[in-house]
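Inside the fold
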Amino acid sequence: MDIDYVRKQFPALDKDFVFMDNAGGSQILGKVIERINGYLIHHNVQLGASYKISKEAGEKLSWATKQIAKFINAKQTEEVIIGPSSSMLFRILSLSISRRWQEGDEVIITNTDHEANVSPWTDLEKKGIKIKVWKANPETMELELSELKKLLSKKTKLVAVTHCSNILGTINPIKEIAEIVHDNGSLICVDGVAYAPHRQIDVQEWDVDFYTFSWYKTYGPHLALMYGKYDLLLGMEGINHSFFKKDDIPYKFQPGNFNFELTYSLLGITEYFQEFYKQHFPGEKDSTAIMLKKSYGVIAEHEESLAKKLLEFLNENPKVKIIGHPEADASKRVPTISFVHKDLKSNQIVEKVDDYRIGIRFGDFYAKKLIEDLNLKDKNGVVRISLVHYNTEEEIQKLILALGKVI
């Protein structure tokens, strides 16, 4: 990967600081910043008016939404719902979809998920919905499909599962999980927040019913996206104004409308990946899907090389325990690496690393059920180092030198 090219695309990287808390929020692309500024300067008006600038603004947002739909391989733009955060979009989904559920219906959650894909479902217990918990094997830290099959029943309405744990970094086999869920006549809702910064998103290939992720962790602004199959969205009641019709999709799920300038700025992300492809595959011409597949392949290889160096260092320390896969295999994990120390609490490690101008983090990261089940509350959670493709080998070495003095 051309790391020099990549880093030039992120203005914040031109400073003496190492960003390794990327799972909490990545740095933003320069192209995204330019799009935000451009929209606010030239098209900051309400949509739907008869005058020219309003029409132009509508056309620009329509074009941006089409590009976003292509980016995740949705069938149509109406399947793309834009909202302020993944947490809010999951909440809107739970409120909308549960209106037709009955007392005794069931939802399966996992103990590896961020609370965003947990609380909206567990709160439905108040109306008689039964919640079952699919727990990761405490030895392998993996969600076993055999355990899911045991939990499924004729009353299971939905399975809420993360594509990739924001602590473990483990990639779950979503396509296989979706097939099992659908064979049971149930729906699947996937949290892709920790996956989206690292790998290609293909909602049709995985056959997921709902898929959500945050753009501010995927090189963009504080905004989120939820994909939903059109027929499912059509059949659900929204939460917007009463005069919205059944087929007013996605607007019936977007109270107060969506943020115009931030939505338009997402073009900067799709453009970045187009240029990334041209930079690494000069002269080649592929479809959007193949272009993204090749580009993310380059990214995965780079990220694996970074994770390998860090994991090798951590695995050599007998007092360190990796929470998740101890190897860097890009087919099994993303470079979100968590660990605990035998003697030190997690905050003690992170606070000492702060002095080296390296941003890492400690805590439960809102994956509270996992930290509780692993008995890590007394450690103040885990130390989490979350890398993305703009991180460098030099930065990894700087972190290793710092950690070497601390642990």
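All values derive from a computational prediction rather than experimental measurement.

Remarks on the overall build of the protein chain
What the protein chain contains, in helices and strands, is 15 helices and 13 strands. Relative to the globule expectation of 22 Å for 407 residues, the C-alpha radius of gyration of the protein chain, 21 Å, shows essentially globular dimensions. Burial analysis of the protein chain (407 residues in total) assigns 57% to the buried set. Sequence separation of 24 or more characterises 67% of the internal contacts of the protein chain that already satisfy a separation of 6 or more. By element, 48% of the accessible surface of the protein chain is carried by carbon and sulfur atoms, the whole surface being about 18,100 Å².

Considering the packing of aromatic side chains
Following the criterion strictly, the structure yields 18 aromatic pairs and no others. Between phenylalanine 258 and phenylalanine 260 the ring centres are 5.2 Å apart and the planes differ by 75 degrees, which places this aromatic pair in the edge-to-face class. Taken individually, phenylalanine 258 and phenylalanine 260 each receive the classification buried, so the pair is uniform in this respect. On the basis of an interplanar angle of 25 degrees and a centroid distance of 4.8 Å, the ring pair of phenylalanine 273 and tyrosine 296 is categorised as stacked. Of the two residues, phenylalanine 273 sits in helix 11 (residues 267-280) while tyrosine 296 sits in helix 12 (residues 288-315), which places them 23 residues apart along the sequence. A relative accessible area of 4% places tyrosine 296 in the buried class. Aromatic rings pair up to connect Phe10, Phe71, Phe213, Trp215, Tyr219, Tyr272, Phe273, Phe276, Tyr296 and Tyr390 into one cluster. Across from the ring centre of phenylalanine 281, 5.6 Å away, lies the NZ or CZ of lysine 294, which sits over that ring. Its guanidinium or amino end placed over the ring of phenylalanine 365, arginine 384 lies 3.8 Å from that ring's centre, counting from NZ or CZ.

Section: the UniProt feature "domain: Aminotransferase class V" (unreviewed entry) in the protein chain
This chain's UniProt record puts "domain: Aminotransferase class V" (unreviewed entry) on residues 18-399. The annotated region residues 18-399 carries 38% helix and 15% strand content, and the separation between its end C-alpha atoms amounts to 9 Å.

Comments concerning the sheet that holds strand 12 (residues 361-363)
Pairing is antiparallel across the open sheet formed by four strands, whose spatial order is 9-10-13-12. Each having just a single partner strand, strand 9 (320-322) and strand 12 make up the two edges of the open sheet. Adjacent strand axes in the sheet meet at a mean angle of 35 degrees, parallel and antiparallel pairs treated alike. Pairing between strand 9 and strand 10 (residues 336-341): three bridges, direction antiparallel. Bridge pairing in strand 10 links lysine 321 to valine 340.

Section: helix 3 (residues 52-72)
An ideal rise of 1.5 Å per residue puts 30 Å on 21 residues; helix 3 measures up with 31 Å between its terminal C-alpha atoms. Among all positions in helix 3, only Ser54, Ala57, Leu61, Ala64, Thr65, Gln67, Ile68, Ala69, Phe71 and Ile72 are buried. Immediately beyond the C-terminal end of helix 3, within one or two residues, lies asparagine 73, with a positive phi of roughly 60 degrees.

As for helix 4 (residues 86-97)
Since the α-helix packs 3.6 residues into each turn, any two residues three or four apart lie on the same face. Look at helix 4: 16 Å from first C-alpha to last across 12 residues, which is about the 16 Å you get at 1.5 Å a residue. Against the buried residues of helix 4 lie strand 2 (80-83), helix 5 (119-122), strand 5 (156-162), strand 6 (187-191), strand 7 (210-214) and strand 8 (224-228).

As for the pairing of strand 10
Counting buried positions along strand 10 gives six out of six residues, so the element sits mostly inside the fold. A two-sided burial pattern is seen for strand 10, the buried positions comprising Thr336, Ser338 and Val340 on one face and Ile337, Phe339 and His341 on the other.

Re the state of the cysteines
Considering all chains together, one arrives at zero disulfides under this definition. You can see cysteine 164 has no disulfide; the closest cysteine sulfur is in cysteine 189, sitting 16 Å from it. Relative accessible area serves as the criterion here: at 0%, cysteine 189 is assigned to the buried category.

A few points about the packing of helix 12 against helix 15 (residues 393-406)
Taken N-terminus to C-terminus, the directions of helix 12 and helix 15 make an angle of 15 degrees; their axes are 9 Å apart at the nearest point. Between helix 12 and helix 15, the crossing angle belongs to the class labelled roughly parallel. Crossing of helix 12 over helix 15 shows right-handed handedness. Packed against helix 12, whose contacting residues are Leu306, Lys309, Leu310, Phe313 and Leu314, the element helix 15 presents Glu393, Ile396, Leu399, Ile400, Leu403 and Gly404 at the interface. The residue makeup of the contact of helix 12 with helix 15, split by class, is eight nonpolar, one polar and two charged.

Here is what the cut-offs are and how they apply
- Throughout this description, residue numbers start from 1 for each chain and increase along the sequence as written.
- For this predicted model, a pLDDT threshold of at least 70 governs which residues receive local features, and a threshold of 80 or more governs which side-chain atom pairs are given and counted, while totals over whole chains, interfaces and linings are taken from all residues.
- Note: side-chain values were computed over all heavy atoms of the structure, leaving out hydrogens and water.
- Secondary structure elements follow DSSP: runs of H or I no shorter than four residues count as helices, runs of E no shorter than two count as strands, and numbering proceeds from the N terminus.
- In this treatment the radius of gyration is a C-alpha quantity, and the globule benchmark scales as 2.2 Å times the residue count to the 0.38 power.
- Relative accessible area decides the class of each residue, using a 1.4 Å probe on protein chains only: under 20% of the type maximum gives buried, over 50% gives exposed, and in between gives partly exposed.
- The criterion used for residue contact is that any of the two residues' heavy atoms lie within 4.5 Å.
- Using a 1.4 Å probe, accessible areas were evaluated by the Shrake-Rupley method; residue-level cover was limited to the displayed protein chains.
- Ring pairs shown here join Phe, Tyr and Trp side chains whose ring centres sit within 6.5 Å, with only the six-membered ring taken for Trp; geometry is labelled stacked below 30 degrees between planes, edge-to-face above 60, and tilted in between.
- The rule for a charge over a ring is simple: NZ of Lys or CZ of Arg within 6 Å of the ring centre, and within 35 degrees of the ring normal.
- UniProt positions are given in the numbering used here, feature names are shortened, and annotations may be inferred rather than shown by experiment.
- Strand pairing is defined by DSSP finding a minimum of two bridges between the two strands.
- Only C-alpha atoms enter the line fits that serve as axes; for helices the fit covers just the stretch in contact. Angles between N-to-C directions range over 0 to 180 degrees.
- For a helix, the expected span equals 1.5 Å multiplied by the number of residues minus one.
- In this description, the term disulfide denotes a pair of cysteine sulfurs within 2.5 Å.
- To sort the angles, those under 35 degrees are grouped as roughly parallel, those over 145 as roughly antiparallel, those from 65 to 115 as roughly perpendicular, and the leftovers as oblique.
- Take the far helix as your reference; a near helix turned counterclockwise from it by less than a right angle gives a left-handed crossing, and one turned clockwise gives a right-handed crossing.
- Three classes are used, and their members are as follows: Ala, Val, Leu, Ile, Met, Phe, Trp, Tyr, Cys and Pro are nonpolar, Asp, Glu, Lys and Arg are charged, and the others, Gly among them, are polar.

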